[in-house]
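Okay, here's what each chain looks like letter by letter:
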Amino acid sequence: MKSLRTAIVGCGNVATRYVENIASYPNVENLGFADVAPERAEDFAAKHGGKAYADLAAVLADPDVDCVVNLTIHHAHFEVVTACLQAGKHVHSEKPLAMTSREANALVALAAEKNLRLSSAPTTFLGEAQQTAAKALRDGGTGPIRLVYAEINHGRIETWHPNPAPFYDVGVMFDVGVYPLAVATALFGPAVKVTAYGKVLFPDRKTQTGEPFTVTTPEFILAAVEFASGPVMRLTTNFYNAGGKQGSSMEFVGDLGNVYLESSYMFNAKVERAEFGKHYEPVELVRAPFDGIEFGRGVQDLAEAIAEGRPHRAAGEQAAHIVELIEAIHTGIKTGQPVEISSTFVPPPPMPWA
């Protein structure tokens, strides 16, 4: 299998995880790094090997680069991904694919026009725990799933990140609400309507160095998401509670029983199943899991898909649908009215080992 030759653009916190994952894949070779601060790219190249590109233009001018792994800040995604596709490069982008559905759909259309692959995080529905839960649902012991509970209690970004304000600006739904949305849409397909409520719980915050900043985007969001295939999901997200007993869990409720997924994004999360009215029992994962989140798994699947001539699982169409979902949630918060979803996509197939 020919290696997919990548370059990482954006050398922030998550880039280390990506390059370490990619280094373990026999079918992916990372050629180098670029960043708006060139010294960060140089540091990554010195530590992990490869080139330190002067800028994005230098990456795009390199004929050896097949695919750009876009790890830039949220608001730069549309511009960066557009430039990469225009230059003839495949793209795997961190989430969100774009900040508006108009931009996300434009990227999907551009990739199709250029006959290029567009892959996007979150790819955590490819994890062992998430694939195990999906298999448990496919096995049919729960009967039809009619209700899903999903929680994301992600704590206070300022307690661990040196620059928390951009996370609060983009909002909890774009940053971490995407994880249960990715799992649910991978399982149940497109959503058709959302009803949402949001509030700023804790507006006055301080960075680790004591600098004050004010949160204006709701950091607590409650949404009801209705899927074309039938289920309704109650999704609760916040940048306030650090874990708590609710954590990042998902619970799938059917006529005959339930499936519990301890986390929508940790690949080694617990999975449990219960018959209707009975206690949960553990479900063995379909294979030994990655410990935590394997961020590069979407890049690995993209490389395999290109070599095998099949669709990749973390498709741009699903990512664009999730952007429209989040946009609709924010609209619903402002208007107090349900918002219909118009986009659609084909849900990804299970991983072969699941």
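Please read all numbers here as calculations on a predicted model, not as lab measurements. (Residues numbered from 1 in each chain as written. Predicted model: local features only at pLDDT ≥ 70, side-chain atom pairs only at ≥ 80, totals over all residues. Heavy atoms only, no water.)

Chemist: Can you help me understand the overall build of the protein in this one?
Modeler: The helix and strand inventory of the protein stands at ten helices and 17 strands. Taken against the 2.2 N^0.38 rule, which gives 20 Å for 354 residues, the C-alpha radius of gyration of the protein at 20 Å falls within 12% of a compact globule. Taking all 354 residues of the protein together, the buried fraction comes to 56%. In the structure as shown, the protein presents an accessible area of about 15100 Å², 53% of it carried by carbon and sulfur atoms. In the protein, the 29 positive side-chain charges and the 40 negative ones have mean positions that sit 3 Å from each other. (Helix = DSSP H or I, 4+ residues; strand = E, 2+ residues; numbered from the N terminus. Rg over C-alpha atoms; globule rule 2.2 N^0.38 Å. Buried < 20%, exposed > 50% of the residue type's maximum accessible area, 1.4 Å probe, protein only. Areas by Shrake-Rupley, 256 points an atom, 1.4 Å probe, with all protein chains shown as cover. Lys, Arg positive; Asp, Glu negative; His and termini not counted. Charge placed at Lys NZ, Arg CZ, Asp CG, Glu CD.)

Chemist: Help me understand the packing of helix H4 (residues 77-86) against helix H5 (residues 101-114), please; the structure alone is not making it clear to me.
Modeler: Describing two packed helices takes the angle between their axes plus the distance from one axis to the other. The contact between H4 and H5 brings their axes to 10 Å, and the two run at 10°. On the basis of their axis angle, the class for H4 and H5 is roughly parallel. Here Phe78, Val81, Thr82, Leu85 and Gln86 of H4 lie close against H5, whose contacting residues are Glu103, Ala106, Leu107, Leu110, Ala111 and Lys114. Here the contact of H4 with H5 is composed, by residue class, of seven nonpolar, two polar and two charged. (Axes fitted to C-alpha atoms, helices over the stretch in contact; angles between N-to-C directions. Parallel < 35°, antiparallel > 145°, perpendicular 65-115°, else oblique. Contact = heavy atoms within 4.5 Å. Nonpolar A, V, L, I, M, F, W, Y, C, P; charged D, E, K, R; others polar.)

Chemist: Whenever I open this one, a nonpolar patch on the surface confuses me. Can you help?
Modeler: On the surface, a nonpolar cluster with roughly 250 Å² of combined accessible area is contributed by Leu201, Phe202 and Tyr240. Among the secondary structure elements, phenylalanine 202 is positioned in the loop between strand S8 (191-199) and strand S9 (204-206). Given the relative accessible area of 31%, phenylalanine 202 is considered partly exposed. (Patch = residues over 30% accessible without salt bridge, like charges linked within 9 Å, V, L, I, M, F, W, Y side chains within 5 Å. Salt bridge = Lys/Arg side-chain N within 4 Å of Asp/Glu carboxyl O.)

Chemist: Explanation requested: the sheet that holds strand S6 (residues 118-120) in the structure shown.
Modeler: Strand-to-strand pairing in sheets goes through backbone hydrogen bonds, with the strands running parallel or antiparallel. Sheet architecture is open: six strands sit in the order S3-S2-S1-S4-S5-S6, paired in parallel fashion. With one partner strand each, in any of the chains shown, strand S3 (51-52) and S6 form the two edges of the open sheet. Note that strand S2 (residues 28-34) and S3 share two bridges and pair parallel. Bridge pairing links glycine 32 to lysine 51 in S3. Packing of helix H1 (residues 15-23) onto the sheet brings it into contact with strand S1 (4-9), S2, strand S4 (67-70) and strand S5 (90-93), and relative to S1 it is tilted by some 165°. On the sheet, helix H2 (residues 38-48) packs against S2 and S3 and is oriented at approximately 145° with respect to S2. (Pairing = 2+ DSSP bridges.)

Chemist: Looking at this model, I keep getting lost on the packing of helix H8 (residues 172-188) against helix H10 (residues 316-335). Mind explaining?
Modeler: Across the interface, H8 lies against H10 with an axial gap of 10 Å and an inter-helix angle of 125°. Judged by the angle between their axes, H8 and H10 are oblique. Where H8 crosses over H10, the handedness of that crossing is right-handed. Together, Met173, Phe174, Val178, Leu181, Ala182, Thr185 and Ala186 of H8 and Gln318, His321, Ile322, Val323, Leu325, Ile326, Ile329 and His330 of H10 make up the contact between the two elements. Residues that form the contact of H8 with H10 fall into these classes: eleven nonpolar, four polar and no charged. (Left-handed = near helix turned anticlockwise from the far one by under 90°.)

Chemist: In this structure, what is going on with H4? I would like to understand it.
Modeler: For an α-helix, the turn length of 3.6 residues means that residues three or four places apart are oriented alike. Every buried residue belonging to H4 is among His77, Val80, Val81, Thr82, Cys84 and Leu85, and all of these are buried. Buried residues along H4 sit in contact with helix H3 (56-61), S4, S5, H5 and S6. Taken from the residues just after H4, glycine 88 is the one with a positive phi, measuring 85°.

Chemist: What is the right way to read the nonpolar core from this model?
Modeler: Burial of nonpolar side chains together is a common tendency in soluble globular proteins. One finds Ile8, Leu97, Leu181, Val225, Met233, Met250 and Phe252 to be the most contacted residues of the largest nonpolar core, which totals 107 residues. Looking at this core, the element that brings in the most residues is H8, giving twelve residues. Sequence-distant contacts of isoleucine 8, defined by excluding residues within four places in its chain, comprise Ala15, Tyr18, Val19, Ile22, Asn30, Gly32, Phe33, Ala34, Val69 and Leu71. (Core = buried A, V, L, I, M, F, W, Y, C linked by side-chain atoms within 4.5 Å.)

Chemist: I tried to follow the environment of phenylalanine 188 on my own but got confused; where do I start?
Modeler: For phenylalanine 188, the position within the fold is in helix H8. Residue classification places phenylalanine 188 among the buried positions, given a relative accessible area of 13%. Along the chain, phenylalanine 188 and threonine 159 lie 29 residues apart, while their C-alpha atoms are 35 Å from each other.

Chemist: Help me understand the side chain of serine 343, please; the structure alone is not making it clear to me.
Modeler: As for its position among the elements, serine 343 is in the segment after strand S17 (339-340). Judged by its relative accessible area of 17%, serine 343 falls in the buried class. Side chain to side chain, serine 343 and histidine 321 meet in a polar contact 2.8 Å long. Not counting the four nearest positions on each side in its chain, serine 343 is found in contact with Pro190, His321 and Glu324. (Polar contact = N/O pair within 3.5 Å; in protein donor to acceptor, adjacent residues only side chain to side chain.)

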